[in-house]
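# Chain and residue survey
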Amino acid sequence: MATHNNTARHVHIVGGGLAGCEAAWQLVNAGVSVVIHEMRPQTTTNAHQTDHLAELVCSNSFRSDDALYNAVGLLHEEMRRCSSLIMEAADHTKVPAGGALAVDREAFSAFITKRVQDHPNIRVERTELRTLPPETWGQTIIATGPLTSSPLAEEIRTATGEESLSFFDAIAPIVHKDSIDLSKAWFQSRYDKGTGTDYINCPMTQEEYEAFLDALLAAEKTEFKDWEKDTPYFEGCLPIEVMAERGRQTLLYGPMKPVGLTNPHTPGQKPYAVVQLRQDNALGTIYNIVGFQTKLKYGEQSRVFRMIPGLENAEFARLGGIHRNTFLNSPRLLDHRLRLKNRPDIRFAGQITGCEGYVESAAVGLMAGLFTAADVLGKHLDSPPITTAMGAMLAHITGGAVSDTYQPMNINFGLFPELTDDRDARGKRIKGRERKPLYAQRALANLDAWRKGNFFS
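Residues numbered from 1 in each chain as written. Predicted model: local features only at pLDDT ≥ 70, side-chain atom pairs only at ≥ 80, totals over all residues. Heavy atoms only, no water.

### Here we look at the domain arrangement of the chain
Split into domains, the chain comes out as domain 1 (11-164 + 328-452) and domain 2 (171-322). The distance between the C-alpha centroids of domain 1 and domain 2 comes to 31 Å. At the interface, 20 residues of domain 1 touch 15 residues of domain 2. Taking both sides of the interface into account, the surface hidden between domain 1 and domain 2 amounts to around 1,400 Å²; carbon and sulfur atoms contribute 63%. When the buried surface of domain 1 facing domain 2 is broken down by residue, Thr405, Met409 and Gly414 rank first, second and third, together holding 26% of it. The tally of links from domain 1 across to domain 2 stands at zero salt bridges. Counting across the interface, domain 1 meets domain 2 through three residue pairs in polar contact (both at pLDDT 80 or more). A per-class count over the side of domain 1 that touches domain 2 returns 11 nonpolar, seven polar and two charged. (Domains from an automatic or database assignment. Contact = heavy atoms within 4.5 Å. Buried area = accessible area lost by both parts, 1.4 Å probe. Salt bridge = Lys/Arg side-chain N within 4 Å of Asp/Glu carboxyl O. Polar contact = N/O pair within 3.5 Å; in protein donor to acceptor, adjacent residues only side chain to side chain. Nonpolar A, V, L, I, M, F, W, Y, C, P; charged D, E, K, R; others polar.)

Structure representation (structure tokens):
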């Protein structure tokens, strides 16, 4: 192992996964030394197979590498421009995967392990941290991921409140608002509570409900992974298909009850069933389908849920799922620079913050590393603009999402502010797929300006 340079005060990072390694890399590139605390192999998990850093425990895919038409591809490009170790490793170990970026998983983690362990300003300690870091450590980043060890998870829960830390995802699909057909759906709250227009409502006739129910019950479901099989179902958030299996009327007394609603498109005719969607971000660009957490396979979700009137052409920002995870209620607990509000010496990074996916996890680690470096060095660092993929993800995690319904999220264009210039040369509004390059071009221009205006440029 390389000798650690102690000439500068070091930062402690708990967790040697994608986010932890990326945060460490950004710190040492800025001139700050690092200690990484990684519990493997001293303490193992049911998902990991090796003691390598940044081991990929699920897919070997980083998803689309298209920076113009896909938000995750845009995030790849932003990270490359910020000298990301994770993206360097992915590009170095990539394997053929069409338009996606996929890697040789063993070569990928071996590449990162060597780069990190060989760096003179990084020390890796193979020990499990079972309590919150002491304040004497100074600046600390917790990047322990979805498989945070039980003792540390309990410490975090105790320090932040009983309802602040979740141990499983119960995720309902999220739909881009502009893909909902409002000639069939309408805005209204049950009995006009709240503002009276808090939900988008999609009505069903009895025939439509029965056909939807048949399709839901027949659809293929995913199975829990071996290390997830002890994940419980809770009565308050049962999968929609499990509720449906309890009887053909069950959903009518649950998430699809039609009471307290009147359809303005069909005056005098009450809907037999109603699917409600609730705003999921402060920008009002994405809506979640209320009560529709599910274990249906992704293709089946798209097929079955597009049977709902008003959602025939739905574009999904995220599909649903239920699986074991550990994540904070970040909008409630973290400030805009990823610091724990009641312990600002501690930052969180990676999937424990509620981002979903390899690249998103690493990107939050990248930002945590830069913010921490700025604090240690006494430098100024603005947050990435919300118009960038990194900035949009950060804003969602730290306040853009609704804390009462917060769930892990992949990067998607629904998290970005609306375009202010979306007209073509003839003055017509650009629609559909061709809007995506406009978001991407704006993001990369704003990212470059951000980098030039801050200390690491």
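### Things to note about the pairing of strand β17 (residues 343-348)
The buried count for β17 comes to five of six residues, which makes it a mostly enclosed element. The pairing of strand β7 (residues 140-142) with β17 spans three bridges and is classified as parallel. Bridging across to β17, isoleucine 142 finds its partner in phenylalanine 348. Sheet analysis places strand β16 (residues 339-340) next to β17, joined by two bridges and oriented antiparallel. Each bridged residue has a counterpart across the sheet, and for leucine 340 the counterpart in β17 is arginine 343. From the end of β16 to the start of β17, which pair antiparallel, there are two residues. (Buried < 20%, exposed > 50% of the residue type's maximum accessible area, 1.4 Å probe, protein only. Helix = DSSP H or I, 4+ residues; strand = E, 2+ residues; numbered from the N terminus. Pairing = 2+ DSSP bridges.)

### Focus: unusual backbone geometry
Positive phi is not limited to glycine here, since alanine 54 has a value of about 55 degrees. Its place among the elements puts alanine 54 in the loop between β2 (34-37) and β3 (61-64). Its identity is not glycine, yet tyrosine 191 carries a phi of approximately 55 degrees, on the positive side. Mapped onto the fold, tyrosine 191 is located in the loop between β10 (186-187) and β11 (199-204).

### Remarks on the sheet that holds strand β1 (residues 11-14)
The sheet built from six strands is open, its strands ordered β6-β2-β1-β7-β17-β16 with mixed pairing. Strand pairing shows two members of the sheet lacking a second neighbour, β6 (122-125) and β16, which therefore form its edges. Bridge count between β2 and β6: four bridges; the pairing is parallel. Bridge pairing in β6 links valine 35 to arginine 123.

### Some details on the UniProt feature "binding site: FAD" (unreviewed entry) in the chain
UniProt marks Gly15, Gly16, Gly17, Leu18, Ala19 and Gly20 with the feature "binding site: FAD" (unreviewed entry), using the numbering shown here. Examined against the element boundaries, glycine 17 turns out to sit in the loop between β1 and α1 (18-29). Once residues within four sequence positions are removed from consideration, glycine 17 is found in contact with Glu38 and Ala54. Position of leucine 18 among the secondary structure elements: in helix α1. Leave out the neighbours within four places in its chain, and leucine 18 touches Ala54, Leu56, Ile86, Phe108, Tyr358 and Ala362. (UniProt positions renumbered as here; feature names shortened; annotations may be inferred.)

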